[in-house]
Every structure is written in C-alpha cells, then in structure tokens.
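So you can see what is in the structure, the chains are spelled out below.
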Amino acid sequence: MKISTKSLFVLLIICVLLLSLILFLRLRREGKEEAVWEEVKLYLADYTSAGGPFLIPVKVKVEKNDVLASAMDLLRNPPPYIRGVSSPLPKGANLLSAEVKGDIAYLNFSKELKDNFPGGSTNEMLVVYGIVNTACSLKKIKRVQILIEGKVIDSLGGHLEISAPLEPDTELVKWKS
Amino acid sequence: MRNSLALSLLFLLSSLLYPREEEKCRVFLLGKSYELQSCIVDQGKVFVALDISPLSSLLKETKLTTLKKGNETFYSLNDLSNLKALSCKWDGEKKQAIVAVRLKRENITWERTTSSLIFQITTPVPLSFQTGILSSPNRVFLDIIGAHLYPAKIEENIGDNLKMRIEQHSVAPDVVRFVLDLPLYLPKVEFSPSPSNRITISLTSPLKGKGSELEAIHIMKSDGSTFASLRLSQLSQYKTLLLKNPPRLAIDISPAYLSPSLILPQEFFSPISQVRWSQFSYDPPTVRVVFDLEKETRVEIRSEPSLIQVKFGSVAPREFRNLEKLKIVIDPGHGGSEPGAISKNGVREKDINLDIARRVKVILPTVFLTREDDIDVSLEGRVNFAYQVNADVFISIHNNSMPEGRVGTGTETYYFREDSLILAQCVHEVLVSKLGLPDGGVKRRGFYVIKNSPCPSILIEGAYLSNPSEEKLLVTEEFRQRIAEAVVEGLRKYFEGGK
Ligand SMILES: [Zn+2]
C-alpha cells in the first residue's frame, strides 16, 4: 500500500491539532484550578502559651464552591502540619449546614457543639470566636449566627450570648510575630 | 643601592628576553564587561588598556604606573588593587581582569525613625544597582553591580522581625545582593535612583490606611498621680494587658499605625520607668505601647474618641460609701439545666457558684442574688435583674475549666468596660492573696453580663474545676468561704477605700 504525501500531510495536521487541543484543555484546567481556591484564616486554639489561651490565625486555602463547610471542617480537624495549635471545637461538633444571607453566615451545628462544651468562660470565647472569626475571614461574611440543630440558642456555656449574629472579636487573638 | 641596580638590570634583561606581549582580554570594570581589551602580562604584573574614568574620583591623589603603546594607555592592575577601596583580580587562564569596589560592613548603615527604616550603602564611586520587591515570603532585594563583599556573607537581625542578608551573588559580573526579609508585611519601599555612591532604601509603614494614627504619648504628673495619655487621630479599639515579671501595662490599639511624627514623652514619672512603642503588626494594623513599671500598680483607664488616658498609682479615693447601703448584685453563674463546667468527679460549677454567692449573702445580707436556687436564668435575665434593682455594682461568680486534656490553674478576674477596671483590680487583689493560687490576672473580656450590666461589673473565676488539686479545694467549705470573704473585702476596698 502506498500512502501519498498528501494524506501524510493531512495526518500530520490532525496530529498537531489534537496535540494543541490536549495542551489547551490542560492549560485551561490549570487556570481553573487556581480560581477555585479561596484563602481562609482558621482561628485555632493555643492552650499552652504563657498568658493564654489564645486564638491563632492560620492561613489555608480551601475550595471555593463549598468554602464555609471546608473551613469549618478544617477548624474541627486542623491540618496536621500546623503545630502548637488545636481545634477549639468540642468533640463531635459537626457543621450540618451553612447558608449565607447578605453578609451573615448561618452556621448550623450538631448538638455536640453545646452538649460537649466542657465549660469555662475563656474556653467559651475560644469556641465561639474560633467559629465566628474563621467564617468572617472569608470574603463577603461580616457576621455569623450560630445555630444548634437549626435553632437559635442563648448561649453555649453560659458566658457569651449567641442569640444574635456576632461580629469577629480579636480579644483572644494572638498574632504570631 | 647595589641591589636595586642589579634588579633593574635583571628587569631590563628579562624584558629583552621576554618581550611584553600584548593580548586580548576581557575586563570587568565595576560590573560592566569590556570584551577584547588589550592587556599586557609582564612579570606577574598585569596592565590593561582601559578607560578608567569611572574610577577618577578615587585616583585623584594616586599615581598609577602606566605603559604607553601606540595610542593606548595601559594601567597597572596591581597598582589599582593596592587601593583600599578597590578589589582587583586577574584570571590568567580565562584572560580576565576584574576591577570592583570593596564593600564592607561599615559601608552599610541603617536608621530607624518612628515610621520608617532607612538603609544606606555608601560606595567610594557611584555604582549602578537593580532593585526588586518580592512576595511570599515578603522581601526586598537590591543587586549592587561592580562590588566585592568583605566578608563574603553578612547576616543581621534588624529587630521587628526584619532580617538583613548580604552576600556575593556572583563574580564576573560582580554583584552583591542585599536582601531584607520582611516576614509580616510589605511596607512602602523606595530606592534612591541608580547609579549612586549613596544608595538608600527606605521602608515606610503603610500610613493613612484604614485605622487611626497614634500621634502622641504624653506623661505628666498632677495632684500626686501620674497620668499617661495616648492621642489618636481617630477612634480605634484598644485592649489593655496588665502584666507582671516585670510589671508593665501594654495597650494594643487596632486598627492603628504609628504616626511618622509621633510625639514622645520628655520625662517619666514614677511608677513609669520606661515607655516602648511599636507597630506590633500590620495585619491587622496594631500599635502596641508598653509602660514599664517600677512596681505593680493599679491603673485606671478612660477613653474619649481620640484619647486613651491612663492613671497610675494611688487611685483617687472614691466617695466613701457604706457597703450596707449599696445595691450589690451577686450573680452565681449558670444554674438549672445549665451546669457550667463539670469536673471529672462530677462536681458542677453551678452548685459551687451558688454556694459561694449564698456565703456572700451571709456575710453581707444586703446583697441581691440573681438566683437563690438551682434554676435557669438567662444571661439577659441576669442583666435585667441588675436594672430592676438599680444596682450599684454587679459581680458574677464563676469557676473555670479547660477542655479535656488541659488542666488550667489560678484565679482570674474579668472586666469589660472602663468603669469596671478599678473594681476588678480591687476584688482581684484580695482574691489572689486570700486564695493563694496562681495569679491569672485582670483581663478585659466581653462576657455578656459584664458587657451589658448598668453598673460597674466584673466576672470572677475563682479556681479551675478541671484542675484536680483546685477541684479538691473548691469542694471544701473553707475554700468557698474564702472566695466569698474576698469578694466582700474587695468591695470594701472599692467603696470604702478600706484595707
Ligand atoms: Zn462559668
């Protein structure tokens, strides 16, 4: 069988086109990947430093399309490479749902957030502002309403009122120098 | 004499035997490369034909050995290298000559003003340089072209988390790289124009951003008390920390920047031994002012929109008021369905708090309790109660806890509003001395009841239920009685100026 130079040429063109298409798609995907991340500051608890406990902001990138859920998940299970800090959330406290209306985030947690709260006034600030400050480090969120199983409650532990949306608070925040 | 004669003879002979040969070489003069220059290597001496006018300011009082050949003038590299300001090298294999400026640590200086940091690099002749600002991590670099660094590497901490690194980045071309590591923030960076024999880099705080500026720190003495005031360009939030070992008062103002024309105190008065200030952070912009104190001192803080005023030392005597005639609200924390902290052995905070509050009422029967039994009272309900009885003062009684795996220790007292700071200090002093536990300090925290009560209000945390040895104390009547007595004594101190 003899292949004409013309058909060889066509084949070559097709190959080149295919290759550039693959390259193009790959590049586009890479570009997209960049755009799906948003930076969030996790406010993690530092129980051990002198003068503490403190909330330490740690910057991480989370997926944009489920940013609140990812941020709260990381707040509950901080990445292992972040040392010296731990999650301020009580055991078993899971985010059930999250909704943003205007600049207020409504974060609905499982009942463990209240039931497993161990007490302590400063500790209550760590939990509440760990959540509020983390959510408010995201674009567009200015206040947070914490809900337990869909309901507004007065207080987690009897020291802070959470019946209305809260703004971030830096009283316990320590900036790593 | 005879020696030198012999030497010159030898020299003459050798030059006859080995005629000076001209060859092509490459010359780097102050970092600039000149190809195909004429060079003569003679008896280990190197002569290069070169326009040395960039070095003219150095050569005013120096006579260089020169050779003339045709219309070219050859300069001795050896003579140039004898100049202290220069560093010259000859690579016989590569046929390459280098003439660079010798850069030493003493040529690099830096100066700090209230809002800027200025680096200056002085060189004997003008040098060109390239600059850049890089992020993640934030750093500033400056490549000085045509210089050799002695020693080849310098690293220094400038303070404020700034690190200066200088090293020989390359030889031929000769580049010294100056890097400033800025871990926290990217200030405004300005470089002097290139070339220059006085290179400056100035780093300025990002002023006029969102936030106020700290314009002045004043210290004065009046009516036997020492006052310090911080003047701000506009209202900002602040928090105070009274610390010990060594005793000091820190005030963090945020969002705020240091004004470039910050006015500083001329004189210190006791108990202030020193004042320090810094741009503590840039994200968020926070200014920290620290008053170092000769001894632990009571402080009173007032703020107006653009002024924070601190009164040190003996607080002016309050108008004497008989405790029995005042409306004092004692608020046992938690209750009913809300137990508060629970120790490992099942001791509930709500019970301990209520018992202490009842003991206060036994000592001082005129006090009002927000709850007399184990019942639910909302945070709002407690504040409303203070409104109803038209309270003069409100004290919330709690005991602390840390999450599982942590213990916690000591006595803490919280206040939120300025009108409550002195009350907090009075009660806290007695608590610490009567309980003998570690002093956790007087801290400003926005707990609901102390934020919203209509009168001076504080929240005390006697001891930690999560700490087994403190739990042991809390279950004894004697210890709870001591807390109750400390509360009353602290109140007396506050209202009656008593012991
Ligand atoms: Zn409590």
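For the structure, see preceding data.
Residues numbered from 1 in each chain as written. Chains lettered and ligands numbered in written order. Predicted model: local features only at pLDDT ≥ 70, side-chain atom pairs only at ≥ 80, totals over all residues. Heavy atoms only, no water.

1. Thoughts on the overall build of chain A
Stated precisely, the cut-off is as follows: Strands here are runs of E lasting at least two residues and helices are runs of H or I lasting at least four, both read from the DSSP assignment and numbered beginning at the N terminus. Relative accessible area decides the class of each residue, using a 1.4 Å probe on protein chains only: under 20% of the type maximum gives buried, over 50% gives exposed, and in between gives partly exposed. The criterion used for residue contact is that any of the two residues' heavy atoms lie within 4.5 Å.
Scanning chain A from terminus to terminus reveals 4 helices and 6 strands. Secondary structure elements of chain A occur, N-terminal to C-terminal, as α-β-β-α-β-β-α-α-β-β. Taking all 177 residues of chain A together, 44% fall into the buried category. Partitioning the contacts of chain A with sequence separation of at least 6, the portion at a separation of at least 24 is 63%.

2. Section: the coordination of the zinc ion
Using the following cut-off: Coordination partners: N, O, S within 2.8 Å of the metal, 3.2 Å for Na, K and Ca; water not considered, so apparent gaps in a site are possible. Four donors are marked tetrahedral only if all angles between them lie between 85 and 135 degrees, whereas four are marked square planar and six octahedral if opposite donors are more than 155 degrees apart and the other angles lie between 65 and 115; the remainder are marked irregular.
Within the protein, His159(A) (NE2), His334(B) (NE2), Glu349(B) (OE) and His398(B) (ND1) serve as the donor atoms for the zinc ion, at 2.1 to 2.2 Å. Around the zinc ion, the 4 donor atoms are arranged such that angles at the metal cover 89 to 168 degrees; this shape is classified as irregular. Here His159(A) is found in the segment after β6 (151–152), whereas its partner Glu349(B) is found in helix α3 (residues 349–363) on a different chain. The same class applies to His159(A) as to Glu349(B), namely buried.

3. Concerning the side chain of Ser192(B)
Residues and elements named next belong to chain B. In this fold, Ser192 is placed in the loop between β16 (188–191) and β17 (196–204). By relative accessible area, Ser192 is classed as buried at 15%. Residues in contact with Ser192, not counting those within four places in the same chain, are Phe129, Arg198, Ile199 and Thr200.

4. Describing a nonpolar patch on the surface
The following threshold applies: Two joining distances apply to patches: 9 Å for like charges and 5 Å for nonpolar side chains (Val, Leu, Ile, Met, Phe, Trp, Tyr), and every residue must have over 30% relative accessible area and no salt bridge. Per-residue accessibility takes into account occlusion by the displayed protein chains alone, with areas from the Shrake-Rupley method and a 1.4 Å probe. By definition here, a salt bridge exists when the distance from a side-chain nitrogen of Lys or Arg to a carboxyl oxygen of Asp or Glu is within 4 Å.
A contiguous nonpolar surface patch, about 320 Å² in accessible area, is contributed by Phe9(A), Ile13(A) and Leu17(A). Within the fold, Leu17(A) resides in helix α1 (residues 5–35).

5. Here's the deal with the interface of chain B and chain A
So the rule is basically this: Simply put, the buried area is the total loss of 1.4 Å probe accessible area from both parts when two parts are fitted together. Any pair of nitrogen or oxygen atoms within 3.5 Å is treated as a polar contact; in protein, a donor-acceptor pairing is required on top of that, and neighbouring residues in sequence qualify only through side-chain atoms on both sides. Think of it as three bins: nonpolar holds Ala, Val, Leu, Ile, Met, Phe, Trp, Tyr, Cys and Pro, charged holds Asp, Glu, Lys and Arg, and polar takes everything else, Gly as well.
If you look at the interface, chain B gives 31 residues, while chain A gives 31 residues. A combined buried area of about 2400 Å² lies between chain B and chain A, and 51% of that area is made up of carbon and sulfur atoms. On the chain B side of the interface with chain A, the three residues burying the most area are Leu379(B), Arg445(B) and Phe447(B), jointly 20% of the side's total. The interface formed by chain B and chain A includes 0 salt bridges. Where chain B meets chain A, there are 12 residue pairs in polar contact (both at pLDDT 80 or more). Class assignment of the residues belonging to the side of chain B that touches chain A gives a composition of 11 nonpolar, 8 polar and 12 charged.

6. A look at the state of the cysteines
Residue and element names in this part refer to chain B. Test applied: A pair of sulfur atoms, both from cysteines and within 2.5 Å, is called a disulfide here.
The tally for this structure, following the rule as stated, stands at 1 disulfide over all chains. The residue that forms a disulfide with Cys25 is Cys39, at a sulfur-sulfur distance of 1.6 Å. Highlighted residues: Cys25 in strand β1 (residues 21–29) and Cys39 in strand β2 (residues 32–42), separated in sequence by 14 residues. A relative accessible area of 4% places Cys25 in the buried class. You can call Cys39 buried: its relative accessible area is 0%.

7. What to know about the sheet that holds strand β4 (residues 104–109) of chain A
Residue and element names in this part refer to chain A. Under the convention used in this document: Strands pair, by our definition, only if DSSP identifies at least two bridges between them. Between the N-to-C directions of two axes lies an angle of 0 to 180 degrees, each axis being a line fitted to C-alpha atoms and, for a helix, fitted only over the stretch in contact.
Strand order across the open sheet formed by 4 strands is β3-β4-β5-β6, with mixed pairing between neighbours. Edge strands, defined here as strands with exactly one partner in the open sheet, are β3 (95–101) and β6. Direction of pairing for β3 relative to β4: antiparallel, over a ladder of 6 bridges. Pairing of Lys101 across the sheet is with Ile104, part of β4. Helix-sheet contacts for helix α2 (residues 67–76) involve β3 and β4, and the interaxial angle to β3 is about 135 degrees. Strands β4 and β5 (143–148) of the sheet are contacted by helix α4 (residues 121–136), whose axis makes an angle of about 130 degrees with β5.

8. Description of the sheet that holds β16(B)
Residues and elements named next belong to chain B. With antiparallel pairing, the 4 strands of this open sheet are ordered in space as β8-β9-β17-β16. Both outer strands of the open sheet, β8 (108–112) and β16, are each paired with one neighbouring strand and no more. The mean inter-strand angle of the sheet, taken between neighbouring strand axes irrespective of direction, is 15 degrees. Summarising the sheet, β16 and β17 pair through 4 bridges and their orientation is antiparallel.

9. Section: the environment of Ile146(A)
Residue and element names in this part refer to chain A. Locating Ile146 in the fold gives a position in strand β5. Assessed through its relative accessible area of 1%, Ile146 is described here as buried. For the pair Ile146 and Ser163, spaced 17 residues apart in sequence, the C-alpha separation works out to 7.9 Å.

10. Some points on α4(A)
Residues and elements named next belong to chain A. Filter applied, for reference: By definition here, a helix of n residues has an expected span of 1.5 Å times n minus one. Bend at a residue means the angle formed by two fitted axes: the first through the 7 residues ending at that position, the second through the 7 residues beginning there.
Compared with the 22 Å implied by 1.5 Å per residue over 16 residues, the 22 Å span of α4 between its first and last C-alpha is a close match. The largest bend in α4 is about 30 degrees, located at Tyr129. For α4, a buried count of 16 out of 16 residues is recorded, marking the element as mostly surrounded by other parts of the structure.

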